[in-house]
Amino acid sequence: MTSYNNDSEIASKIEATQDIENRSNCTSITQLDESETDPANPKNWSTTKKWINFVIVFFNAFTGYFSSAIYMPATNDLRIHFDTNLTVINATIALFVLAIGIAPLFWAPFSERVGRRWVYITAMGFYTVFTVICGIANSLSLFFVFRILQGVASSAGMAVGGGSVADLFRPSERGRAMSIFMLGTIIGPAFSPLIGGYVAQYLGWRWIFYICTILGGVIFIANVVLLRETLYRPNYEKPKSRIAHLKFNPFTSFRLLLRPEVLLICLPISTAFGWFYYLVTILPSTYSEVYGFDTGTIGLFYLAGGIGNCSGSMIAGFISDRIYTYQLKRGKITAEGRLVPLYFGIPFLIAGFLMYGWFIHARLHWFTPLIGYMFCTLGSMYTITTGTTYLVESYLEVSASVVSVSNFTRNIFAMLFSILSVQIRASMGDNWSYTLAGLMNLAFYLICIPTVHIFGAQFRNAKPWYIREKVSN
């Protein structure tokens, strides 16, 4: 792991300053100093303990998107088994994505009431049960219902994970940690189809869900045995009434979208994520029709996206933390500084969509569109990671809620594009559909990101009453 020992003293002071601004219950420097040395504060844990907890959180988040895409290469097998059409099977993917977009609005505020650990344990237990029922389902309706419930349960890690990252790491470490965390949430659609394709081809589609059940069971045990609570609120007093303590409005998080900087960050990264899901949803039908590949081989092609996702996430974290450290030395620390690296990812995103669409349209060698696919995923992962890091940095006091809102908008776009993928491709073709993808992303990124970069500090300084109320509660 990269070390920042030379700047640790300065970083601690910056962390202290941010905590003074963001936590209303720390009203004096004396209280803050106590939290800086309190061994119960997760930021003061040993490096080993921090990363053990982070790895478990990572896999809780990874499970959701892994489950969403693992049977994409086997959609034709499910279509035949349930005697339906491809649009209906794609709808099971879209509704799963919708579930993992809406459910975090409940999980995130709930975690801020009862703690992160119990949310992880409860959700992963339900996920394991719902997944095995998907595997034994013999009717399409039963499969639909428990796929949605599986999505609800698997979304907890994605909703609460961003808050756990903020709980565990100081600002000088947070960019790297957030990049690794975001890698887990988006690498699933890239690598799980590789596994799902061969499992479906040699063992049958039901074994896809049995494997997910085993994965869920292992993570559930790790949650119970190894995971520790990271929500640190030393001066928080629980209401006398247990019901009052648990009471919350899950849709309060929506009000974060009224904040200009939150909405303007969510729009471009959601557009990129939506078109990414469009690509991966119809990749099996595209490559089987154009190049005539079978299910197992098509699963291999998702490796190109996996390489792009890994590269984008790691590069984003590396550059983000380097720029933060540079600003730290100059004494100019702003949350908007986290957006500086984002601009470097936009050309890869746009070029990737154009290359993929037009190379397939021209019927070039099957490998060449995968280069575009790799660039596309690199750009999307890079910009999504950087944008999410900015949101967490700007709203540390409600980090889980702001990440859940970001997840919600991304998954709404992903649902729409995946459920309409067959119709869009049929009406526009590969060339013009991906040209539209490039143009939409170019417009949103070049309008929204500079606006937040320039005016973000003004937007954030005008935090409304419901943010201040959230902190005080």
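Residues numbered from 1 in each chain as written. Predicted model: local features only at pLDDT ≥ 70, side-chain atom pairs only at ≥ 80, totals over all residues. Heavy atoms only, no water.

**As for the overall build of the protein chain**
- When helices and strands are counted, the protein chain shows 19 helices and zero strands.
- In the protein chain, the proportion of contacts linking residues at least 24 apart, taken out of those at least 6 apart, comes to 85%.
- Counting only carbon and sulfur atoms, one obtains 67% of the accessible surface of the protein chain, whose full area is about 18,100 Å². (Helix = DSSP H or I, 4+ residues; strand = E, 2+ residues; numbered from the N terminus. Contact = heavy atoms within 4.5 Å. Areas by Shrake-Rupley, 256 points an atom, 1.4 Å probe, with all protein chains shown as cover.)

**Description of the environment of methionine 158**
- By the element assignment, methionine 158 lies in helix H9 (residues 156–168).
- The spacing of methionine 158 and valine 403 is 245 residues in sequence and 8.2 Å in space, taken between C-alpha atoms.

**Points about unusual backbone geometry**
- Of note, the phi angle at aspartate 83 is positive, near 55°, even though the residue is not glycine.
- Among the residues examined, aspartate 83 registers a relative accessible area of 72% and is labelled exposed.
- With a phi angle near 55°, arginine 363 is a residue other than glycine that sits in the positive phi range.
- Locating arginine 363 in the fold gives a position in the loop between helix H15 (346–361) and helix H16 (367–394). (Buried < 20%, exposed > 50% of the residue type's maximum accessible area, 1.4 Å probe, protein only.)

**Here's the deal with the pattern of salt bridges**
- The final tally for this structure, using the stated rule, is four salt bridges.
- Arginine 425 is paired through a salt bridge with glutamate 289; the nearest N and O atoms lie 3.0 Å apart. Residue arginine 425 is located in helix H18 (residues 421–461), and its partner glutamate 289 is located in helix H13 (residues 260–290); the two are separated by 136 residues in the primary sequence.
- Arginine 425 gets classed as buried once you look at its relative accessible area, which sits at 15%. (Salt bridge = Lys/Arg side-chain N within 4 Å of Asp/Glu carboxyl O.)

**Brief notes about a nonpolar patch on the surface**
- There is a patch of nonpolar side chains on the surface, built from Ile52, Phe220, Ile221, Val224, Val225 and Leu226 and spanning about 500 Å² of accessible area.
- At four residues, helix H11 (residues 206–225) tops the list of elements feeding residues into the nonpolar patch.
- Within the secondary structure, isoleucine 52 is located in helix H3 (residues 47–69). (Patch = residues over 30% accessible without salt bridge, like charges linked within 9 Å, V, L, I, M, F, W, Y side chains within 5 Å.)

**Overview of helix H6 (residues 104–114)**
- Counting buried positions over the eleven residues of H6 gives eight, a clear majority of the element.
- Residues Pro104, Leu105, Trp107, Ala108, Pro109, Ser111, Glu112 and Arg113 constitute the buried set of H6.
- The positive-phi residue at the C-terminal boundary of H6 is glycine 115, with phi of around 105°.

**Concerning the packing of aromatic side chains**
- Enumeration over the complete set of coordinates arrives at 38 aromatic pairs.
- Measuring from ring centre to ring centre gives 6.1 Å for tryptophan 366 and phenylalanine 367, while their planes differ by 85°; the resulting arrangement is edge-to-face.
- The class for phenylalanine 367 is partly exposed, based on a relative accessible area of 46%.
- Through a chain of ring-to-ring contacts, the aromatic side chains of Trp275, Tyr278, Phe353, Tyr356, Tyr373, Phe417 and Tyr434 assemble into a single cluster.
- Its end group placed over the ring of tryptophan 45, lysine 49 keeps NZ or CZ at 4.3 Å from the ring centre. (Phe/Tyr/Trp six-rings, centres within 6.5 Å; stacked < 30°, edge-to-face > 60°. Lys NZ or Arg CZ within 6 Å of the ring centre and 35° of its normal.)

**Points about the side chain of serine 418**
- With respect to the helices, strands and loops of the structure, serine 418 is situated in helix H17 (residues 399–419).
- Engagement of the side chain of serine 418 in a polar contact is seen with the backbone oxygen of alanine 414, the distance being 2.8 Å.
- When neighbours within four sequence positions are excluded, serine 418 is seen to be in contact with Asn90, Ala94, Tyr277 and Thr281. (Polar contact = N/O pair within 3.5 Å; in protein donor to acceptor, adjacent residues only side chain to side chain.)

**Remarks on the nonpolar core**
- Judged by nonpolar contacts, the single largest core of 116 residues is most densely connected at Phe54, Phe143, Tyr277, Leu279, Leu283 and Tyr373.
- Among the elements that take part in this core, H13 stands out by supplying 17 residues, more than any other.
- Apart from the residues lying within four places of it in its own chain, the contact partners of phenylalanine 143 are Tyr71, Leu78, Phe82, Thr92, Cys134, Ala137, Trp205 and Phe209. (Core = buried A, V, L, I, M, F, W, Y, C linked by side-chain atoms within 4.5 Å.)

**Remarks on the confidence of the model for the protein chain**
- Chain-level pLDDT for the protein chain is 81 on average; 85% of the residues reach the 70-or-more range.
- Of the regions scoring below 50 in pLDDT, residues 1–33 engages in 45 contacts with residues more than four places distant in sequence or in other chains. (pLDDT = per-residue confidence, 0-100.)

**Some remarks on the side chain of serine 406**
- Within the fold, serine 406 resides in helix H17.
- On the accessibility criterion, serine 406 (0% relative accessible area) is buried.
- Ignoring any residue separated from it by four or fewer positions in sequence, one finds serine 406 in contact with Cys266, Ile269, Thr388 and Leu391.

**Quick notes on the packing of helix H14 (residues 295–330) against H16**
- Orientation of H14 relative to H16, taken along the N-to-C sense of each, is 35°, at an axis distance of 7 Å. Of the two possible hands of crossing, H14 and H16 adopt the one that is right-handed.
- When the residues that make up the contact of H14 with H16 are grouped by side-chain class, the tally is 13 nonpolar, eleven polar and no charged. (Axes fitted to C-alpha atoms, helices over the stretch in contact; angles between N-to-C directions. Left-handed = near helix turned anticlockwise from the far one by under 90°. Nonpolar A, V, L, I, M, F, W, Y, C, P; charged D, E, K, R; others polar.)

**Remarks on the packing of H3 against helix H8 (residues 140–154)**
- Where H3 contacts H8, the two axes come as close as 9 Å, and the packing angle between them is 155°. Classified by the interaxial angle, the pair formed by H3 and H8 is roughly antiparallel. Crossing of H3 over H8 shows left-handed handedness. When H3 is examined against H8, the residues Asn60, Gly64, Ser67 and Ser68 are found in contact with a partner set consisting of Arg147, Gln150 and Ser154. (Parallel < 35°, antiparallel > 145°, perpendicular 65-115°, else oblique.)

**A short note on the environment of isoleucine 180**
- Its location among the elements puts isoleucine 180 in helix H10 (residues 171–202).
- Setting aside residues up to four positions removed in sequence, isoleucine 180 forms contacts with Trp51, Phe54, Phe58, Ser313 and Met314.

**Looking at the environment of cysteine 310**
- By the secondary structure assignment, cysteine 310 is in helix H14.
- Residue classification places cysteine 310 among the partly exposed residues on the basis of a relative accessible area of 26%.
- Sequence separation between cysteine 310 and methionine 182 is 128 residues, and the spatial gap between their C-alpha atoms is 9.8 Å.

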